[in-house]
Amino acid sequence: MKTPAPESFEGQILALLPSLRRYSRSLTRSDADGEDLLQDCVEKVLARRGQWRGLNLRGWVLTIMTNLYRNGRRGKARDGMLELDAAGDVAAPEVPADPLERTRLDSALNSLSEERRAVLMLVVIEGYSYSEVAAALDIPIGTVMSRLSRARRRVAEHLKADNVITLRRPK
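Draft legend 1. Structural context of the side chain of Glu126. Structurally, the position occupied by Glu126 is in the loop between helix H5 (114-125) and helix H6 (130-137). Side-chain polar atoms of Glu126 contact the side chain of Ser19, separated by 2.7 Å. In this structure the side chain of Glu126 is engaged in a polar contact, spanning 2.8 Å, whose partner is the side chain of Arg22. Ignoring any residue separated from it by four or fewer positions in sequence, one finds Glu126 in contact with Ser19, Arg22, Tyr23 and Met121.

Draft legend 2. Structural context of the pattern of salt bridges. Tallied over the full model, the rule gives six salt bridges. We note a salt bridge from Glu126 to Arg22, for which the minimum N-O separation is 2.8 Å. Of this pair, Glu126 sits in the loop between H5 and H6 while Arg22 sits in helix H1 (residues 9-28), and the two are 104 residues apart along the sequence. When the shortest N-O distance is used, the salt bridge between Arg58 and Glu132 registers 2.9 Å. Highlighted residues: Arg58 in helix H3 (residues 57-79) and Glu132 in helix H6, separated in sequence by 74 residues.

Draft legend 3. Region of the structure containing the packing of H5 against H6. Where H5 meets H6, the closest approach of the two axes is 10 Å, and the angle between their N-to-C directions is 140°. Once H5 is placed against H6, the crossing between them reads as right-handed. Facing Val119, Leu122 and Val123 of H5, the residues of H6 in contact are Tyr130, Val133 and Leu137. Among the residues making up the contact of H5 with H6, the classes are represented as six nonpolar, no polar and no charged.

Procedures and definitions
Residues numbered from 1 in each chain as written. Predicted model: local features only at pLDDT ≥ 70, side-chain atom pairs only at ≥ 80, totals over all residues. Heavy atoms only, no water. Helix = DSSP H or I, 4+ residues; strand = E, 2+ residues; numbered from the N terminus. Polar contact = N/O pair within 3.5 Å; in protein donor to acceptor, adjacent residues only side chain to side chain. Contact = heavy atoms within 4.5 Å. Salt bridge = Lys/Arg side-chain N within 4 Å of Asp/Glu carboxyl O. Axes fitted to C-alpha atoms, helices over the stretch in contact; angles between N-to-C directions. Left-handed = near helix turned anticlockwise from the far one by under 90°. Nonpolar A, V, L, I, M, F, W, Y, C, P; charged D, E, K, R; others polar.

Structural measurements only, silent on function.
Okay, structure coming up:
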């Protein structure tokens, strides 16, 4: 199998995959659902390649992923689908160095609303600018700043309550 050139459309999509994987997992709060969302997103991006205007591929793909996630949530609410909790054949994930630290951070991030978590992940983890996040989520830049501020405050309060070092703002 031939690897696409980095400057090609497919090569640019391949370069975005780690970032898209992290974002999809943060949206769905599940590794399996995150992988499904990532696959659906890449499939849709490749199928609609002709609609891309050539300006901001990363923003375009993030918008598609966000919309797929939102549409999927609406569909699940209508269908009334239930998750299967029994997974006896699934291998256990590797244990992190400090399981309590990861549990606290997961708990803090999961305490955020969907909208705040998405903004926090895109700005803090993925390093997107406020304007890129605003364009990708189709919200005003002031809303991005407000949601980010409230998300940071909520995570800091949650971690402080568990006696963990608080997050600091980048300079």
